[in-house]
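# Observations on the model geometry
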Amino acid sequence: MRYTLFGKTGLRVSELCLGTMTFGEDWGWGAPRETSARVLDRFAGAGGNFVDTANNYTDGTSESMLGELLAKRRDRFVLSTKFTSMTRPGDLNSAGNHRKNLMSSLEDSLRRLRTDYIDVLWVHARDTFTPVAEVMRALDDQVRAGKVRYVGVSDWFAWEIAQAVTMAELRGWTPFAGVQMRYNLLGRTAERELLPMARGLDLAVLAWGPLAEGALTGKYLRSAPDGRLNRVAGWNSAGEPTGAAVREVVAVAEECGGSPAAVALAWLRARPGVVIPVIGTTKESQLADNLSSLELDLTGEHLARLDKVSAPSLGFPHEFLRHPAITEVVYGDRWQDIEDRRSTTRRAVNDET
């Protein structure tokens, strides 16, 4: 396991993050405590130190289980959790990003996790009722109180994340240091705005759903009655689980001697900038498979094939600005002779096509 810095901060985090939405059986498809404990120990044994949960995962069991399992080694881990999601049906203020819910949810998370601080507190999703200024000031208050070390954001619009970070920096509040987004070989629309925004603001990128609910393991090419796409209503991959991209992942895996899951994770880790896949498993064997991606180096030819078969339509203005005639008008007829040391965004985007 290697490590990277969490956005603009000096916080060191592992190149894979262990997602614990699978810790607990409350939702019908998670893992029992014994299995979850072995998964956590094996992840830590491989050098992993970044663990992610949320206030509502398995109805709070995920946090409670983590609190118990990390009790004597809490400071060795970078522990992150989230707030936003409803925790008390019927209570209007038990959901959302407003100050009241933030404070209430955070106290509950601290109690369940058996700790007096959270390393990274994520805003779980955009609540358009709550002004961005209220969110950022309320988060900063918790950092100043010592209950939170860093803050991040998940499932927001790119323009609003940029607004929030700029506002926080101008007002001396704690800005977002990381962003979580759905990103995988079957769902690459984050490349339109979210990933360029993250690179421009130097935000850590955590990719959730890196295997597209198991579609990228190739198991849906055959019968997979136990697969999450078949068992849980509302879960659906962004692309066809038996389509060309999945078949290409399987083909590359056969050629390089790895598993399809390892190939999909290795592709993510090879993307421009630093992308940290959030892996979630219900079995030790699945974790071992995911960890094997750390030893898999895809060739340039393999990466090019995977890029081509999964390429998203980026739309306007991306495709307009990539047109050769527009490029020449904007940058001049010798633009390829210019090495822009300040930014890899334009060159990286062109390289992806």
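The coordinates are above.
Quick look at the structure, then. (Residues numbered from 1 in each chain as written. Predicted model: local features only at pLDDT ≥ 70, side-chain atom pairs only at ≥ 80, totals over all residues. Heavy atoms only, no water.)

### A look at the nonpolar core
- Membership of the largest hydrophobic core comes to 78 residues, with the highest contact counts inside it found for Leu40, Met136, Leu139, Trp156, Ile161, Phe176 and Tyr183.
- The dominant element in this core, judged by the number of residues it contributes, is helix α9 (residues 260–269), at eight residues.
- Ignoring anything within four residues of it in the chain, the contact list for Ile161 reads Val153, Trp156, Phe176, Val179, Leu194, Met197 and Leu203.
- One finds Phe50, Val120, Ala204 and Val278 within the second-largest nonpolar core, a separate group that totals 13 residues. (Core = buried A, V, L, I, M, F, W, Y, C linked by side-chain atoms within 4.5 Å. Buried < 20%, exposed > 50% of the residue type's maximum accessible area, 1.4 Å probe, protein only. Helix = DSSP H or I, 4+ residues; strand = E, 2+ residues; numbered from the N terminus. Contact = heavy atoms within 4.5 Å.)

### What to know about the pattern of salt bridges
- According to the stated counting rule, one finds 23 salt bridges in the structure shown.
- For Arg305, the salt bridge identified is with Glu301, shortest N-O distance 3.1 Å. With a gap of four residues between them, Arg305 and Glu301 both fall in helix α11 (residues 300–310), about one helical turn apart.
- By relative accessible area, Arg305 is classed as partly exposed at 21%.
- The network of salt bridges with common partners includes Arg188, Glu191, Arg271 and Asp307. (Salt bridge = Lys/Arg side-chain N within 4 Å of Asp/Glu carboxyl O.)

### A look at α11
- Within α11 the residues assigned to the buried category are His302, Leu306, Asp307 and Ser310. On an axial view of α11, the arc spanned by its buried residues comes to 130°, and they lie on one face. Opposite the packed face of α11, turned more than 90 degrees from it, sit the exposed residues Gly300 and Lys308.
- Here the buried face of α11 lies against α8 (244–256) and α9. (Arc of directions from axis to C-beta.)

### Description of the packing of aromatic side chains
- Applying the stated criterion to the full structure yields eight aromatic pairs.
- Ring plane angle 85° and centroid distance 6.0 Å describe the contact between Phe6 and Phe50, whose orientation is recorded as edge-to-face. Of this pair, Phe6 sits in the loop between β1 (3–5) and β2 (12–14) while Phe50 sits in strand β4 (residues 50–52), placing them 44 residues apart in sequence.
- In this structure Phe50 comes out as buried when scored by relative accessible area, which is 0%.
- Ring geometry for Phe6 versus Tyr150: centroids 6.5 Å apart, planes at 65°, classification edge-to-face. You can see Phe6 sitting in the loop between β1 and β2 and its partner Tyr150 sitting in strand β7 (residues 148–154), a full 144 residues away along the chain.
- For Tyr150, a relative accessible area of 24% corresponds to the partly exposed category.
- Ring-pair connections join several aromatic residues into one group, and the members of that group are Phe6, Phe50, Trp122 and Tyr150.
- Lying across the ring of Tyr117, Arg74 places its NZ or CZ 4.1 Å from the centre.
- Against the face of Tyr117 rests Arg149, its NZ or CZ located 4.0 Å from the ring centre. (Phe/Tyr/Trp six-rings, centres within 6.5 Å; stacked < 30°, edge-to-face > 60°. Lys NZ or Arg CZ within 6 Å of the ring centre and 35° of its normal.)

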